[in-house]
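# Geometric and topological summary
So you can see what is in the structure, the chains are spelled out below.
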Amino acid sequence: MEQDIFMNVCIPLLGVKSEEDISGFLTKDLEVIKPSLEGWEFLNQPEVFSEQQRQGIPMMVNEENIPYCIQFTLEDIEDKSNVQRKKELIKITEQVVLSLQLYKEGWFFNPQQYQLFFVLNENGVFKGRYTGPFRQINFDQFNGLFPKQYYLNKNDLTINNAMIMNTPFANTYKIVSDYNSITPNSSVDYAIKNFRMSYNLFGGYSHRVNFLFTMIDCILGDLKARKIHKTQVNVRFLQRANIILSDYPNCDDEINWLVSDAGKDNYKSSTEWKLIGARVYRNLIAHGNAEDADFLIHVNEHFERIQNIARHLLKKYILFYFFTETKPDQYNKLNFSNDKLLSEKFYLFIEGVKEQKIAHIELLNNINRFIC
Amino acid sequence: MTIETFQHMPALVLNETEEFQLVDGSLIIPSYDLICKLDPYYNIDEGRFQKSRPVFYYSIVDCDNSEKDFWISSFETTVKDLHLALSIEPGTHLLPTPTQSISYIRVDSKTIIKGGAFQRDWMLYGNVWPAEFDLNALKKANCIFDYLADFHSIKTFEPLKKAIDVLNETANVEFAYKGIGYDEYCLDYKFGFVRIVQLLESILFADITKRFDLGITDSFGLYWSLLLEPDINMVPNTAIELSTYYRLRSKLIHGESHLDFDSEVNRNKYLKCRFLFAHTIKILMILCKEKFSCFDKKYSTIDYLPWSDVKYKERDDIGKIMLNPLRRFLDKMLEDDGGKYKINEELFNEFHQFIQQKWNKIFS
């Protein structure tokens, strides 16, 4: 009898933490594991260990420091070439990473810059890895650069994957995989790129926040935009953000803070630090005071606050594009002219909600329901 | 005491030569034996090392013990300058930051090893994306490297500082490398291109001061061509060509679903734009370092702005925007000719002759 060929893939998540030892499933097919010391050594190549031992680094040889990994299996791959298998592996990895980033706050190192492992049961057992430019990174060397780390908890997982229906992660994963199943849109891709860059390790807070502001501009248009591409802007930024993020916790306060330049003249005074509006960071970065912005974002712990707003907004943008591409009945009711680009359509969609147009409100409700 | 410094330059590949003398130090491909001496406890695979042919920046200095720290920190600055020079000339390579790789500092007989985030990976396993330099390219980069040597004011000219930041940011591995599995397409020139156009837009002109009924796309092309095109008669054509970059950027960020942004044609555009951007940085460097006299003239913004049309609230913003002397100067180069623009020929020629003259000096 012929043996089924499959590939077990392991995505290491450097930086992910947990309050207690956990294992279980994020979705039906994605399992969270923490490899044993032997398992981790099996996956890695010996030179990584010899290098770390030479430097006297206890990192990966210490069981406590072995990272959580996400494991999945590629099945029905008999007829696929190695290139096709790799492509599929990468696609799922990208989905997993973006979904984790969209699911909740917290930082981890992008595994695609690090390495991915796989074990293939073809012609015996073959283990391999795809390596990124930072595959030999000594992670502890940079722990002063980390933002707040990513925590996976028992509540995020289920022990029995057969029971998984609609967990919050599965929902987020569906948003991403749905998007990947249709023709990608460059504006969504650009927004995603900027969001993902807010997870970079070496740029510092000002760089990360700058990427988030760029993402927000890409989706909503600039604070002072009079036009989005060729479409006249009649709804001001504050209103646009309030409409689309109306279901965001403390929406009014958070959006007001996002556009506020409070403290712009006295941000150097420690008594005023906490009162700084997010706009001040943006202006500091734009006018070459990134070091001040780095410091203030850090002491105020404002990075996550901006990133959380951006995260919520990005999910809506992805869903908006998905719905407009895949639900023609709903899309046609919006009456967008065909020559409009996505960000123009998104603006007109928000304008329509403001004008209480039924189709627009219905779509917003659908999007909000999906995110909930 | 003798201090010898070796900094691995990730991605750099030397063609036609094994060693290249720079104004300060040299680029070398060290022998396997030398690396083994510098790094005796690391088990370096000779086969891999020979295949990889890693390039190092090497310098040597004799100094007193009291000057040791000074020379070591000077070395770091020099490496930064060299990285910038190699990034600007020819300008199309995405060069990772050298300090993310390995460096060896040999003080008399002791060696200090500094490993960045790549550790020894790029030194031993070759380059994911090779940046090849032949002798001609190295000579040109060396001229830029020399020019940067005593360029202390480089951070004082905001447009230049911002442009260099974007050049580095878009070459940063976390930005430039799309991730495992992209093979020859692993580098992200596309979104780097968007960042470059956005930066140029912010330093060249102020949209808020919209002039001659030009839209933002045409303004972008026109203002950039004033900097890049030395032939006044060719400015309108060059402006049309350069505005296509802005148009492509708009389609990218606003989301044209049916355009193939990864096509060969568009990939070449991203590359060419980066090349022109690097060229722009060289011009900005000249303007900053050589103190172009026209920048010192105090042009009143009120002279040519449609001030009465500007809402009171925005005047403060315009004041700030006009602080950028580059914008002020480029604005001044365009004069009103019955509602259309006319290039101030005298100013234009003065500017380009100045650039050309300094240019020749740098590369002589």
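What you see is a predicted model, and the numbers here were worked out from it, not measured in a lab.

For chain B, the count of helices and strands is 14 helices and ten strands. For chain B, with 364 residues in total, the buried portion stands at 58%. Nonlocal contacts in chain B, meaning residues at least 24 apart in sequence, comprise 74% of its contacts between residues at least 6 apart. Taken as a whole, chain B presents about 16,300 Å² of accessible surface, with 49% of it coming from carbon and sulfur.

A few words now on a negative patch on the surface. Negative charge collects at one region of the surface, where Asp4, Asp29, Glu75, Asp76, Glu78 and Asp79 of chain A lie side by side. Relative to the helices and strands, aspartate 76 of chain A is located in the loop between strand E4 (68-74) and helix H3 (82-103).

Moving on, we get to the confidence of the model for chain A. With 93% of its residues at a pLDDT of 70 or more, chain A has an overall mean of 89. Per-element averaging of pLDDT across chain A places helix H2 (residues 46-54) of chain A at the bottom with 59 and helix H13 (residues 342-354) of chain A at the top with 97.

To summarise the sheet geometry, strands pair through backbone hydrogen bonds and adopt either a parallel or an antiparallel arrangement. Residues and elements named next belong to chain B. Spatially, the six strands line up as an open sheet ordered E3-E4-E5-E1-E6-E7, and their pairing is antiparallel. Since the sheet does not close on itself, it has two edges, and those belong to strand E3 (19-21) and strand E7 (110-115), each with one partner. Ignoring strand direction, the axes of neighbouring strands in this sheet form an average angle of 20°. Set on the sheet, helix H5 (residues 135-148) makes contact with E3, strand E4 (26-28) and strand E5 (56-62); between it and E3 the angle comes to about 35°.

All names here are of chain A. Running from N to C, helix H5 (residues 186-197) and helix H6 (residues 204-220) point in directions that differ by 160°, and their axes come no closer than 7 Å. As summarised for this structure, H5 and H6 are arranged roughly antiparallel, according to the angle between their axes. In the crossing of H5 with H6, the sense of the turn from one axis to the other is left-handed. Judged by residue contacts, Ser187, Tyr190, Ala191, Asn194, Phe195 and Met197 of H5 engage Arg208, Phe211, Leu212, Thr214, Met215, Cys218 and Ile219 from H6. Tallied by class, residues from the contact of H5 with H6 come to nine nonpolar, three polar and one charged.

Right, let's get into the side chain of serine 103 of chain B. Residues and elements named next belong to chain B. Structurally, the position occupied by serine 103 is in strand E6 (residues 102-107). Judged by relative accessible area, serine 103 falls into the buried class, the value being 6%. Those residues in contact with serine 103, other than ones at most four positions away along the chain, are Phe6, Gln7, Ile112, Ile113 and Lys114.

With 45 residues of chain B at the interface, the matching set in chain A holds 54 residues. Counting the surface lost from both chain B and chain A, the interface buries some 4,000 Å², and carbon and sulfur atoms represent 50% of this. Contact with chain A buries area across many residues of chain B, yet Glu174, Ile180 and His254 of chain B alone supply 21% of it, more than any other trio. Applying the counting rule to chain B against chain A returns two salt bridges.

Moving on: the sheet that holds strand E6 (residues 126-131) of chain A. Residues and elements named next belong to chain A. Reading across from one edge, E2-E3-E4-E1-E5-E6 is the order of the six strands in this open sheet, with antiparallel pairing throughout. A strand with exactly one partner marks an edge of an open sheet, and here the two such strands are strand E2 (24-25) and E6. For strand E5 (residues 115-120) and E6, the ladder comprises six bridges, and the chain directions are antiparallel. Bridging from a neighbouring strand, phenylalanine 118 pairs with glycine 128 of E6. Packed on one face of the sheet, H3 meets strand E1 (7-13), E4, E5 and E6 and runs near 140° to E4.

Enumeration according to the criterion identifies 47 aromatic pairs over all chains in this entry. Relative to phenylalanine 191 of chain B, the ring of tyrosine 190 of chain A lies with its centre 5.1 Å away and its plane at 35°, an arrangement referred to as tilted. Within this pair, whereas tyrosine 190 of chain A is found in helix H5, its partner phenylalanine 191 of chain B is found in helix H8 (residues 190-204), the two belonging to separate chains. Each of the two residues, tyrosine 190 of chain A as well as phenylalanine 191 of chain B, counts as buried. Measuring from ring centre to ring centre gives 4.8 Å for phenylalanine 6 of chain B and tyrosine 58 of chain B, while their planes differ by 40°; the resulting arrangement is tilted. Within this pair, whereas phenylalanine 6 of chain B is found in strand E1 (residues 2-8), its partner tyrosine 58 of chain B is found in strand E5, the two being separated by 52 residues in sequence.

For the rest of this paragraph, the subject is the confidence of the model for chain B. All names here are of chain B. Scored by pLDDT, chain B has a mean of 86; 88% of the residues are at 70 or more. Averaged over each element, pLDDT in chain B is lowest for helix H12 (residues 312-321) (47) and highest for E4 (97). Long-range and interchain partners of residues 298-316, a stretch whose pLDDT sits below 50, account for 20 contacts in this model, where long-range means more than four residues apart. Interface confidence in the predicted complex, given as ipTM, is 0.87; pTM for the same model is 0.91.

Our focus in this paragraph is the pattern of salt bridges. Residues and elements named next belong to chain B. The tally for this structure, following the rule as stated, stands at 24 salt bridges over all chains. In this structure, aspartate 150 and lysine 289 form a salt bridge, with 2.8 Å as the shortest nitrogen-oxygen distance. Linking aspartate 150 in the loop between H5 and helix H6 (158-171) with lysine 289 in helix H11 (residues 264-289), this pair joins segments that are 139 residues apart in sequence. The exposure class of aspartate 150 is partly exposed, given its relative accessible area of 47%. Here lysine 289 falls in the partly exposed class, since its relative accessible area comes to 21%.

We now examine the environment of tyrosine 199 of chain A. Its place among the elements puts tyrosine 199 of chain A in the loop between H5 and H6. Looking at tyrosine 199 of chain A, the relative accessible area reads 5%, which means it is buried. Residues tyrosine 199 of chain A and arginine 226 of chain A, 27 residues apart in the sequence, show an inter-C-alpha distance of 31 Å. In contact with tyrosine 199 of chain A, other than residues within four places in its own chain, are Gln101, Lys104, Gly106, Trp107, Phe108, Gln307 and Arg311 of chain A together with Glu174 of chain B. Among the polar contacts made by the side chain of tyrosine 199 of chain A, one reaches the main-chain carbonyl oxygen of glutamine 101 of chain A at a distance of 3.1 Å.

Looking now at the side chain of serine 26 of chain B. Within the secondary structure, serine 26 of chain B is located in strand E4. In contact with serine 26 of chain B, not counting residues within four places along its chain, are Glu19, Phe20, Gln21, Phe56, Tyr57 and Tyr58 of chain B.

Moving on, we come to helix H11 (residues 303-326) of chain A. A turn of α-helix holds 3.6 residues, and therefore any two residues three or four places apart point the same way. Over its 24 residues, H11 of chain A runs 34 Å from end to end, which matches the ideal 34 Å to within 8%, given 1.5 Å per residue. The buried fraction of H11 of chain A is high, at 20 of 24 residues.

Residue and element names in this part refer to chain B. For the bond from glutamate 89 to proline 90, the omega torsion is 5°, close enough to zero to count as cis. The residue proline 90 is located in the loop between helix H3 (68-88) and E6 in this model. The backbone phi angle of alanine 11 is positive, close to 80°, even though this residue is not glycine. Looking at the secondary structure, you find alanine 11 in the loop between E1 and strand E2 (12-14).

Thresholds, definitions, all that
- Residues numbered from 1 in each chain as written.
- Chains lettered and ligands numbered in written order.
- Predicted model: local features only at pLDDT ≥ 70, side-chain atom pairs only at ≥ 80, totals over all residues.
- Heavy atoms only, no water.
- Helix = DSSP H or I, 4+ residues; strand = E, 2+ residues; numbered from the N terminus.
- Buried < 20%, exposed > 50% of the residue type's maximum accessible area, 1.4 Å probe, protein only.
- Contact = heavy atoms within 4.5 Å.
- Areas by Shrake-Rupley, 256 points an atom, 1.4 Å probe, with all protein chains shown as cover.
- Patch = residues over 30% accessible without salt bridge, like charges linked within 9 Å, V, L, I, M, F, W, Y side chains within 5 Å.
- Salt bridge = Lys/Arg side-chain N within 4 Å of Asp/Glu carboxyl O.
- Lys, Arg positive; Asp, Glu negative; His and termini not counted.
- Charge placed at Lys NZ, Arg CZ, Asp CG, Glu CD.
- pLDDT = per-residue confidence, 0-100.
- Pairing = 2+ DSSP bridges.
- Axes fitted to C-alpha atoms, helices over the stretch in contact; angles between N-to-C directions.
- Parallel < 35°, antiparallel > 145°, perpendicular 65-115°, else oblique.
- Left-handed = near helix turned anticlockwise from the far one by under 90°.
- Nonpolar A, V, L, I, M, F, W, Y, C, P; charged D, E, K, R; others polar.
- Buried area = accessible area lost by both parts, 1.4 Å probe.
- Phe/Tyr/Trp six-rings, centres within 6.5 Å; stacked < 30°, edge-to-face > 60°.
- Polar contact = N/O pair within 3.5 Å; in protein donor to acceptor, adjacent residues only side chain to side chain.
- Expected span 1.5 Å × (residues − 1).

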